[in-house]
Amino acid sequence: MRHSLNAPTFTLIVLFSLFLLLNVGGCSSSGAGSQDLQTQMSGQWKRDQGDTVVIDLAKDAPSLTVDGHVYSAVIEKIDKMSNTVELKVATDGGENQKWFIHQVWSDNGSTFKLQLRRNGTTDVLSPVGQS
């Protein structure tokens, strides 16, 4: 015997499904609240070796300051599943390179570091003020 759903039951199922989708999809495991990935990554970061790296991805003209040089960038892709931003960065020689900034959260999910991958190297960046 086949049962069909009446309109009120169907409506409740749809509303409940939307509620779950919005609540589960909107939850963030990062502990950073409502900030987007570009805002979370923007700021001053220190490397184990070398100068402070300044990342500004939250403004209309994104830029990175590495080794005292300011590089203009274009955000190519934001992958929220892997916490990675892919950038196209204009170099001194006039060529465009792909750089990647990856957010790596601590085990307890309260802090994170960044990995800056460029030109075959990876720098681990810690927020200025943390050791």
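Quantities reported herein were computed from a predicted structural model and do not represent experimental measurements. (Residues numbered from 1 in each chain as written. Predicted model: local features only at pLDDT ≥ 70, side-chain atom pairs only at ≥ 80, totals over all residues. Heavy atoms only, no water.)

1. Let's talk about the overall build of the chain
Step number 1: A tally of helices and strands in the chain yields two helices and eight strands.
Step number 2: Ordered by position from the N terminus, the helices and strands of the chain form the series α-α-β-β-β-β-β-β-β-β.
Step number 3: Out of the 131 residues belonging to the chain, those deemed buried represent 28%.
Step number 4: Accessible surface computed for the chain: about 8,800 Å², of which carbon and sulfur atoms make up 53%. (Helix = DSSP H or I, 4+ residues; strand = E, 2+ residues; numbered from the N terminus. Buried < 20%, exposed > 50% of the residue type's maximum accessible area, 1.4 Å probe, protein only. Areas by Shrake-Rupley, 256 points an atom, 1.4 Å probe, with all protein chains shown as cover.)

2. Describing the nonpolar core
Step number 1: Counting residues in hydrophobic clusters, the biggest one holds 20 residues, and the most contacted among them are Ile55, Leu64, Leu87, Trp99, Ile101 and Leu114.
Step number 2: Looking at this core, the elements that each hand over two or more residues are helix 2 (37–41), strand 2 (53–56), strand 3 (63–66), strand 4 (69–79), strand 5 (84–90), strand 6 (96–105) and strand 7 (112–118).
Step number 3: Contact partners of Leu87, with chain neighbours within four places excluded, come to Leu57, Leu64, Ala73, Val74, Ile75, Glu76, Gln97, Lys98, Trp99 and Ile101. (Core = buried A, V, L, I, M, F, W, Y, C linked by side-chain atoms within 4.5 Å. Contact = heavy atoms within 4.5 Å.)

3. Side note on the confidence of the model for the chain
Step number 1: Mean pLDDT over the chain: 82, with 76% of residues reaching 70 or higher.
Step number 2: In this model residues 24–34 is a low-confidence stretch, pLDDT under 50, and it forms nine contacts with partners more than four residues away in sequence or in other chains. (pLDDT = per-residue confidence, 0-100.)

4. Digging into the sheet that holds strand 5
Step number 1: Around the barrel, which closes on itself, the eight strands sit in the order 1-2-3-4-5-6-7-8 with antiparallel pairing between neighbours. Sheet twist, expressed as the average angle between the axes of neighbouring strands with direction ignored, equals 30°.
Step number 2: When strand 1 (residues 43–47) meets strand 2, the two strands line up antiparallel, connected through three bridges. Considered in strand 2, the bridge of Gly43 is made with Ile55. (Pairing = 2+ DSSP bridges. Axes fitted to C-alpha atoms, helices over the stretch in contact; angles between N-to-C directions.)

5. Observations concerning the packing of aromatic side chains
Step number 1: Within the structure shown, the criterion is met by three aromatic pairs.
Step number 2: Measuring from ring centre to ring centre gives 5.7 Å for Trp45 and Phe112, while their planes differ by 40°; the resulting arrangement is tilted. In this pair, Trp45 is assigned in strand 1 and Phe112 in strand 7, connecting sequence segments 67 residues apart. No difference in accessibility class separates Trp45 from Phe112, as the two residues are buried.
Step number 3: Site record: aromatic cluster; members linked through ring pairs are Trp45, Trp105 and Phe112.
Step number 4: Seen from the ring of Trp99, Arg118 lies directly overhead, with NZ or CZ sitting 5.2 Å from the centre. (Phe/Tyr/Trp six-rings, centres within 6.5 Å; stacked < 30°, edge-to-face > 60°. Lys NZ or Arg CZ within 6 Å of the ring centre and 35° of its normal.)

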